[in-house]
Amino acid sequence: MIDLSSILHKENSSLWTRLLIHGAGIVLMAVIFWIFISAVEISRIESKKSDREIQKYLDLSKIDFGNPLDRALFRESLDVFYNGQTHRNDSLLTAIDNLRQRQFSDPAYKTGGNHDGLTWSMAGKLSGMYLQFLAIYGIVLVIIYLLAQRIAVYRFIKMKQHRESYLTQAFELINSIHADRIGSTWWNAFGKLGFLFLKALLKGMLLMLLFSPAYVIAYSVKTTIDTSSILFMILLGIISNGVLILTANKFFTFLVGESKKGYVQTAVAKNLHASYEWDAPEGIPPRTLLKIKHGFRSHVFQPIFFNARFQFIPALKEHASFLITGLIIIEMALNIQGHFCYELLQQILYRQYDIAAFIIFGIFLTVKVTEIAIDVWEHKEKRKYGY
Amino acid sequence: MATRTLTGNSWLSILNSKKDLLWLMTWIAGLGMLWIWDALFLNAPAFARLQTAFLNSLFTGAMVVLFSLALGWFVGVSLHLLENSKSKVGFAVISFITDILRSIPQIIAVLIGYIILTVLLYQGIIRSSFVQLVWIAGTIAVAVFLEVADTIRHRIDYFRTLDFVDAMLCCGIKERRIINIEILWKNSRSHLLHKLIAIFGVSIFLQCSIDFIISVGLSTDVSLINFPTTLGNLLANVDSKQDILALSNLFTEPGYLSVIFVRHLQGLSAAFCIVFSLLCIYMIANGYVRRHKLA
């Protein structure tokens, strides 16, 4: 008998069962969206039919429905033709008022565009936008993956070097000056102090930039930079919304956790290089940050890095989903026309919910495909390490 | 001569070892300084709007934390109990649903919640601002509660490998009590609190972003309804956007820096509140992890 719990428990399930779950999820969502899209289409056809019926009355050249006298005459005429059907006549007048109001207030009427729902030509147009969205997403994901690892490794090495933050160093300097009370060194220390505060300020500004939502950054440079270019979108996707710093922090956590394990101490005892100083002969030269995959040979950091990277792979799933959230925010908030998520917002505005559902399904599919790719990658890595 | 350093006995050394508290103080101090500055230089109506927006955002964030904790706790514990029950159908169904929910980007889930809210507002079912904020918080909680559920499941799985759970079961203590009181309440509060701090940050980010998007992208619909003021829709306000756009002037006219903090305060204050809060909440969560050695 199949053990459902072991299949659904991610740590235990095999690649095929996980793919099966992903596939079932995609099929289920496709069915739900298809039902929803069909329901919207049926409702639109009925609504159009009803609007056409009412439009006949609005097209009567002799009647101005904005004029109370004309309305009263029309109402009396209805009573003559449909005598005794007061309720029906009232409903018709209300429906006429509703249509008139919608023609003035509904964005779909105001733009005068063709809002025929999800047609083949619309699906084709959306496919082009979707491919562009996928390309931007792919590029940003790869860059963030590579950058986050380097930032985390840099932070880890700094931590191992026991380097305090600039502000702590500055306060320590203030403390030491206060204790020493040596006048000749005061100016020298004052210069150092200023430099430390400047570095702390720059670091703070950089952190603020990395945590800024995309729309804050984009609006603050909008008049000097073309914020609708794809290059700017990629840049914004990388540096904004805290995605980069959060991904780097996750990898850093894995590095710290891994470095506390017993095998690291054993490796140090067996004379593996363990110095984290930049310039030490057995240390880590700064250039290794550029080739982190092969740069730490015969150093204890190499197994730490690879084991942390192995744990980082499944964690990428949640970061990928958050990255997509960031990209959606960028496209929507900046009103970049012709982009996939901007189109989603426009379709919601025009109440074309079938098209909106189609776009949402596309985004869901992107996340699912990313999850499948990461699962396959994780499986390959597991086999490489003999799990 | 002996040098007194931060590692010595001083209030700075205490704060240095408690980075979460240091950043909490920094957050409060930063916002306090902004409040004083705005009280001096920002016009009264804008200042009142900014305060309301900040408090509404904070309130929504706090509600998201509460809802996420309740939902995450319920789903996490339910999944564990269902996994160990005889029939696995319930476990399979809930796992499958959570798996699908995980694949929906948070902003999409929140956007769907806003669309439903708009419909409810049009139909007059929801009227008060308080209920609107609670609805928004509930929507964001649905998008983020799985993180709490995951933490709860990890903690239960970890403690199940230890002897004390079996020992308690042998002593006749009910499994529900062991999970809810002994494992989660007595031994996992730090982990949960860390997760909740992180969720608070994410909720502020999502709320501001969705409010900004709705105000910018669906402005014709929103203007008819008037959502409660939050930092996101305050930033999307035309005046605020002009203030943020004014930052571009600094590239061509560096001298403009002297007036920007007086003339363009509303937008800059809203943006600062968002960015500074996100940064500080991240630092608080990180400091908390280090202090309690959770990593």
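Whatever comes next refers back to the structure up there.
For the structure given in this document, a descriptive report is provided here. (Residues numbered from 1 in each chain as written. Chains lettered and ligands numbered in written order. Predicted model: local features only at pLDDT ≥ 70, side-chain atom pairs only at ≥ 80, totals over all residues. Heavy atoms only, no water.)

### Some points on helix H10 (residues 189-217) of chain B
Between its terminal C-alpha atoms H10(B) stretches 41 Å, which fits the 42 Å expected from 29 residues at 1.5 Å a residue. Taking burial as the measure, the 29 residues of H10(B) include 23 buried ones, the bulk of the element. (Helix = DSSP H or I, 4+ residues; strand = E, 2+ residues; numbered from the N terminus. Expected span 1.5 Å × (residues − 1). Buried < 20%, exposed > 50% of the residue type's maximum accessible area, 1.4 Å probe, protein only.)

### Observations concerning a nonpolar patch on the surface
All names here are of chain B. On the surface, Trp35, Ile36, Trp37, Leu40, Phe41, Leu257, Phe261 and Val262 cluster together into a nonpolar patch covering about 810 Å² of accessible area. Of all the elements in the fold, those that place two or more residues in the nonpolar patch are helix H2 (19-41) and helix H15 (257-263). The element best represented in the nonpolar patch is H2, accounting for five residues. Along the chain, the position of Ile36 falls in helix H2. (Patch = residues over 30% accessible without salt bridge, like charges linked within 9 Å, V, L, I, M, F, W, Y side chains within 5 Å. Areas by Shrake-Rupley, 256 points an atom, 1.4 Å probe, with all protein chains shown as cover. Salt bridge = Lys/Arg side-chain N within 4 Å of Asp/Glu carboxyl O.)

### Considering the environment of Tyr353(A)
Tracing the backbone shows Tyr353(A) in helix H15 (residues 353-384). Residues Tyr353(A) and Glu41(A) lie 312 residues apart in sequence; the distance between their C-alpha atoms is 9.3 Å. Residues in contact with Tyr353(A), not counting those within four places in the same chain, are Phe36(A), Val40(A), Ile348(A) and Ile115(B). (Contact = heavy atoms within 4.5 Å.)

### Here we look at the environment of Ile363(A)
With respect to the helices, strands and loops of the structure, Ile363(A) is situated in helix H15. With 349 residues separating them in the primary sequence, Ile363(A) and Ser14(A) have C-alpha atoms 26 Å apart. Those residues in contact with Ile363(A), other than ones at most four positions away along the chain, are Ile324(A), Ile328(A), Phe340(A), Cys341(A), Leu344(A), Pro105(B) and Ile108(B).

### Quick look at the pattern of salt bridges
Residues and elements named next belong to chain A. Throughout the structure, instances matching the rule amount to 23 salt bridges over all chains. Residue Arg18 pairs with Glu378 through a salt bridge whose shortest N-O separation is 3.2 Å. With Arg18 in helix H2 (residues 15-58) and Glu378 in helix H15, this pair connects stretches of sequence that are 360 residues apart.

### What about the nonpolar core?
Of all hydrophobic cores here, the largest spans 147 residues; its most connected members are Tyr215(A), Leu344(A), Ile363(A) and Leu235(B). In terms of residues, this core owes the most to one element, helix H16 (residues 265-291) of chain B, which gives 18 residues. Those residues in contact with Tyr215(A) that sit more than four places away from it in its chain are Ile329(A), Ala333(A), Leu334(A), Phe205(B), Cys208(B), Ser209(B), Phe212(B) and Leu235(B). (Core = buried A, V, L, I, M, F, W, Y, C linked by side-chain atoms within 4.5 Å.)

### Looking at the interface of chain B and chain A
On the chain A side, the residues contacting the 57 residues of chain B number 63 residues. Of the roughly 5500 Å² buried where chain B meets chain A, counting both sides, 72% is carbon and sulfur surface. Counting across the chain B and chain A interface gives one salt bridge. Joining chain B to chain A, the criterion identifies eight residue pairs in polar contact (both at pLDDT 80 or more). Listed by contribution, the elements that provide at least two residues to the side of chain B that touches chain A are helix H1 (11-17), helix H4 (89-102), helix H5 (106-122), helix H7 (146-160), H10, helix H11 (219-225), helix H13 (238-245) and H16 of chain B. (Buried area = accessible area lost by both parts, 1.4 Å probe. Polar contact = N/O pair within 3.5 Å; in protein donor to acceptor, adjacent residues only side chain to side chain.)

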